[in-house]
Structure formats: structure tokens, C-alpha cells
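# Understanding the architecture of this molecule
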Amino acid sequence: MSHAKRAWPLVAAVLCSPGLLGAAYEPDYLDAEDPNLIDLEESFDFEGSEAGRFTFDGDLRGGIFASEVDQRDGSRTTNEELTMRFRFGVNYGFSDSFRIRARAAMLCGTEGCTPNPTLESRPARGTNIDPGDITLDELYVDVFQAERIDLLLGRMQTNANTRGGVFISSLSRMTSPNVSVNWTDGAALKLRTASGWDSRIIVQYNDEDGSSTLARPPLDFSDDGSRVSYFYSLDNRERWGPFTQRAFDVTYLPKALLVDGASSGALDDYWALVGRLATEWALGDRGASLIFSGELGYAPNTQTEASAGLSGEGDVGGVAWHGEISWMNVFPGHSVGINYGRADPGWLISPVYRANDETAVLRYHWRPVPGAQLEIQGRWRQDLERLTGLARRKTFDWRVRLTWVLR
């Protein structure tokens, strides 16, 4: 019997448990912020430890992941696997404004689970480590002044997310999404203001073999001028009328774009600009609400149509966008949402939306207790533009995933 068939009775039992619909309502889940850092976690979010004291934290995430793909050559492939990710972190405070943090991460699943300690400049698979690998996805020092300034140096988690209820999406930056393990090596500075606008500047090191965060071909880092890249964001998460988030960011990857798709061809800088909004509307007095959110991105410099396998002339498009609606607390602790997004072939940095792709997602969340979340998702994807002489690739994938934050 397949893993999926064995798992469905367990899923059904969980969803039909007595008293499920009467679970206590936790209002922290409404405001597009997440006190348990489920899907939102970044290194800036961890509070400083008391001087001379160690603190510990971790999370466990695993589930069933399956896909069915109609390939561009007309064949069909299917895949089904069980995967689990475990992360455990330790913090030590030297003073009220200086701390150090380290965290180990490991993948385990049907592809493999033999422990293999490793420490590389980038994940073995580009955007994820190999099953069985144990590595450090955080190792940094943090100098900070509460609610004013925060400086991180080392290996860290960095995100630029839209806080969209059941959807935590990004067109530009999200380390370690889903059950992946990746990171940012470099320096990050966060400046907080009394007005609610936070600025973040990230200076990231890129290995010549590739970036430790997602960068799709024909982005390439073999040129010495691409060794350092830059990111800046301006973000406000304080409520302003119906808005719960207003944000803008820019990514700059110098000398990283192979315009013709070949290292011997033209080389250009890659820019990406993103704007994001999230709104929330209360529904009655039982804690339910609707969250509308989305992002719009534009990359002015893109590769040629020919290098992308398309039949047109000139350069490919560089626009990407997505929007989602989440109905939070349909019943206390239960939320659902739908998402739709499109990314031109020239949009190369989103960890959520593939280049040259159209995406639709249906997702359900259940928060049975603080720090735990069950997610069931179905996703449909297909090529936006058909490659020359090939059919459109079409993908359906689904997952049943459980996350448990240890705090």
C-alpha cells in the first residue's frame, strides 16, 4: 500500500476528532503575524537571550508530498515521498545587546536518512540539502538595541514575505521554505522607526558554484563581480485602515545574468523590484476575517527569448504577480485560502513561483494548539509560454504537512 493510502485514515481521524470545531480561538493568528514563527521565521525575529544564559528552540516539520507531471515531451511522471525536517537552535546572550546563535538542520525521508554531517557554502542541491545531511543553517552574532537597530553577521535566515493569512508568499526572498534547508551568508542590518516602517539591508556572499538562496538559470555566479549581492526592503506591518502590511523591496545581483544563456555570451546585472500589500477585514465577532494580499514584481534586465527556448525575438518578459484570499477562522483554528500567480520567464528569484509559470493553489490550515499546524494543499501549475517544439508542462502536486514549533 502506498504511503498516501496509509496516511489518509490518520488525516481523516484528525480532522473529525471530537471537539475539534470547539477549539479555543487564538486571536494572534488573525493579524497576519505569527507568534510561533510558523512559515515566517527569520533570524531577526529571535529575541536576545538574558546575559550569561543559554536558551534553546527548534521545530519539526514533515509530511506526505506527491506530484504528477505532464512533461513537455509528452511523457507523464509521478512521485510520492515522505519527508521530515528537524531543526534545533541554541542562543547565548553575552550582554543585553549582544548574542550568538547556532542552529543545526537535518532532512530525513524515503530518499535517505543516513546521518551525514556537512558544512558547505551552499546546499548540495542548490536550494536544499541532501536527505540525511546535517548542517548549520544559522551561525551568527547579533548586535542590537531593542526596537531600534539590529545587526547580524554570519549565516542566517532572511525573508521578505507577504503576510497573507494561510499563504506566506514571496516573489523575492524566502530562505528554507516548506521542508527545504538553505541560508544567507553575509551581513544584515535592520533599522526600526517609531512610525512602524522598518528598513532592512542585506549584503550576501555568493559562491562561484551558485548562491545559497534560490537563483534560477540563467543567473550564474562564476564571474568575480557576482560574488556579493544586495537586498533592501522597507516594510510596515502596523495596521493602517484595512492594511496590515505595506512593503517594497529591491534585489540587485551584479554581473549575474547570462543574457544569452551561455557563460561565453553577454553578462548583465539582474535587478528585481517588488511591492506588496496585505489587508484584513473582520467578519462578525467570533474572530473570523478575510485577508486579501498580493505582490507585483518587475525585472528590467532579462535574458533573450532564444536562451529561454522561446521562438520570439528580443528579451523575455520580467513581470511577476500573485494574489490570494484567506478566510481565517472559518471555525476557530481552521482557515482556508486560494492563491493565483503568474511569473514571466525573466522572473528568476522567487522561491514560490517558477519562471514561466502559472500557479493556482488551494490550502487549508488547522491550528489545534499554539505552535502546531496541519496543512493540506493542492497546487496546479503550467507553463505560461510554450517552448519551441514542445508541449506545455503541466503539474499537479499535493501535500499533507504537519509543523510543530518547540518553544
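In this report, the structure presented in the accompanying data block is examined. (Residues numbered from 1 in each chain as written. Predicted model: local features only at pLDDT ≥ 70, side-chain atom pairs only at ≥ 80, totals over all residues. Heavy atoms only, no water.)

### Quick notes on the overall build of the protein chain
Broken down by element type, the protein chain carries one helix and 19 strands. Its C-alpha atoms give the protein chain a radius of gyration of 21 Å, near enough to 22 Å, the size a compact globule of 407 residues would have. Seen along its three principal axes, the alpha-carbon backbone of the protein chain occupies a region of about 60 × 50 × 50 Å. For the protein chain, the proportion of its 407 residues judged to be buried stands at 50%. (Helix = DSSP H or I, 4+ residues; strand = E, 2+ residues; numbered from the N terminus. Rg over C-alpha atoms; globule rule 2.2 N^0.38 Å. Buried < 20%, exposed > 50% of the residue type's maximum accessible area, 1.4 Å probe, protein only.)

### Focus: the pairing of strand β14 (residues 288-298)
Here strand β13 (residues 267-283) runs beside β14; their pairing, made up of eleven bridges, is antiparallel. Bridged to Thr279 within β14 is Phe292. Here β13 folds back onto β14 in antiparallel fashion, the turn holding four residues, of which Gly284 has a positive phi close to 70 degrees. Where β14 lies against strand β15 (residues 319-331), ten bridges are found, and the strand directions are antiparallel. Counted as the bridge partner of Leu296 is Trp321 from β15. (Pairing = 2+ DSSP bridges.)

### A closer look at the state of the cysteines
All told, the structure shown has one disulfide when counted by the stated rule. Two residues share a disulfide in this structure: Cys108 and Cys113, whose sulfurs sit 1.6 Å from each other. Judged by the sign of its S-S torsion, about -110 degrees, the cystine formed by Cys108 and Cys113 is left-handed. Given a relative accessible area of 18%, Cys108 falls into the buried group. (Disulfide = S-S within 2.5 Å.)

### Some points on the pattern of salt bridges
Going through the model one piece at a time under the given rule, you end up with 27 salt bridges. We note a salt bridge from Arg276 to Glu295, for which the minimum N-O separation is 2.6 Å. In this pair, Arg276 is assigned in strand β13 and Glu295 in strand β14, connecting sequence segments 19 residues apart. Accessibility expressed as a relative area gives 4% for Arg276, which makes it buried. (Salt bridge = Lys/Arg side-chain N within 4 Å of Asp/Glu carboxyl O.)

### Some thoughts on the environment of Leu136
Along the polypeptide, Leu136 turns up in strand β5 (residues 133-145). Residue Leu136 is classed as partly exposed on the basis of its relative accessible area, which comes to 26%. Sequence spacing of Leu136 and Asn161 is 25 residues, and the spatial spacing of their C-alpha atoms is 23 Å. Residues in contact with Leu136, not counting those within four places in the same chain, are Arg103, Ala104, Leu119, Arg155 and Trp183. (Contact = heavy atoms within 4.5 Å.)

From the geometry alone we can't say anything about function, so treat these as descriptive.
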